[in-house]
Amino acid sequence: QFKNSEKAISYRQSVFNVMGNHFGQIGAVVKGEAPFNKDEVAKNAAIVATLSTLPWQAFGPGTEGGKARADIWSDNAKFKAASEKMQLAVSNLNTAAQSGDLESIKKAFGAAGATCKGCHDDFKKK
Ligand code: ASC
């Protein structure tokens, strides 16, 4: 799928970048910095949920580099578990967003953000 490690790194960084943008748009609503528009939040959550499935294929053998820590490859089961936790949390956020209930969205957003941070703490270089 990727011609070389640079392509894989660029792919996964691009996905995380776009994911962070749309997750951040929901965050602004959750923090009261932007008005709550149900349709916008639902759209952003669906984008995040779809994107959350993509980066993992770009962490294959021989694609070390970027801000990825070596633990991703040396403790791949732990990385995979963390990625699955994030995908589940983001899927729950999407469910809440489609319901349009702001309190549920806030809760699910906090839970999803914690899985982003957890994985960064363990697997991302500072
Ligand atoms: C974001 C973003 C992250 C997470 C993380 C949550 O908006 O880009 O990586 O939230 O900061 O703690």
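The coordinates are above.
What comes next is a walk through the structure. (Residues numbered from 1 in each chain as written. Predicted model: local features only at pLDDT ≥ 70, side-chain atom pairs only at ≥ 80, totals over all residues. Heavy atoms only, no water.)

## Focus: the environment of Gly62
Alright, step 1. Turning to its location among the elements, Gly62 is positioned in the loop between helix H2 (38–51) and helix H3 (71–74).
Alright, step 2. You can call Gly62 exposed: its relative accessible area is 52%. (Helix = DSSP H or I, 4+ residues; strand = E, 2+ residues; numbered from the N terminus. Buried < 20%, exposed > 50% of the residue type's maximum accessible area, 1.4 Å probe, protein only.)

## Some details on the environment of Lys67
Alright, step 1. Mapped onto the elements, Lys67 comes out in the loop between H2 and H3.
Alright, step 2. For Lys67, a relative accessible area of 48% gives the class partly exposed.
Alright, step 3. When the C-alpha positions of Lys67 and Pro35 are compared, they lie 34 Å apart, and in sequence the two are 32 residues distant.
Alright, step 4. Excluding residues within four positions of it along the chain, Lys67 makes contact with Gln13, Phe123, Lys124 and Lys125. (Contact = heavy atoms within 4.5 Å.)

## A closer look at helix H1 (residues 5–30)
Working note: α-helix, 3.6 residues per turn, so residues spaced by three or four point in the same direction.
Alright, step 1. Helix length check: H1 (26 residues) gives 36 Å between terminal C-alpha atoms against 38 Å at 1.5 Å per residue, within 8%.
Alright, step 2. Where H1 begins, the side chain of Asn4 points an oxygen toward the backbone nitrogen of Glu6, at a separation of 3.1 Å.
Alright, step 3. Looking one or two residues past H1, Gly32 carries a phi angle of roughly 80°, positive in sign. (Expected span 1.5 Å × (residues − 1). Polar contact = N/O pair within 3.5 Å; in protein donor to acceptor, adjacent residues only side chain to side chain.)

## Quick word on the pattern of salt bridges
Alright, step 1. By the definition in use, this model includes six salt bridges.
Alright, step 2. For Arg69, the salt bridge identified is with Asp71, shortest N-O distance 3.6 Å.
Alright, step 3. You can call Asp71 partly exposed: its relative accessible area is 29%.
Alright, step 4. Between Glu84 and Lys80 there is a salt bridge, with its nearest N and O atoms 2.8 Å apart. Of this pair, Glu84 and Lys80 are both found in helix H4 (residues 76–99), four residues apart, which corresponds to roughly one turn of the helix.
Alright, step 5. A relative accessible area of 47% means that Lys80 is categorised as partly exposed. (Salt bridge = Lys/Arg side-chain N within 4 Å of Asp/Glu carboxyl O.)

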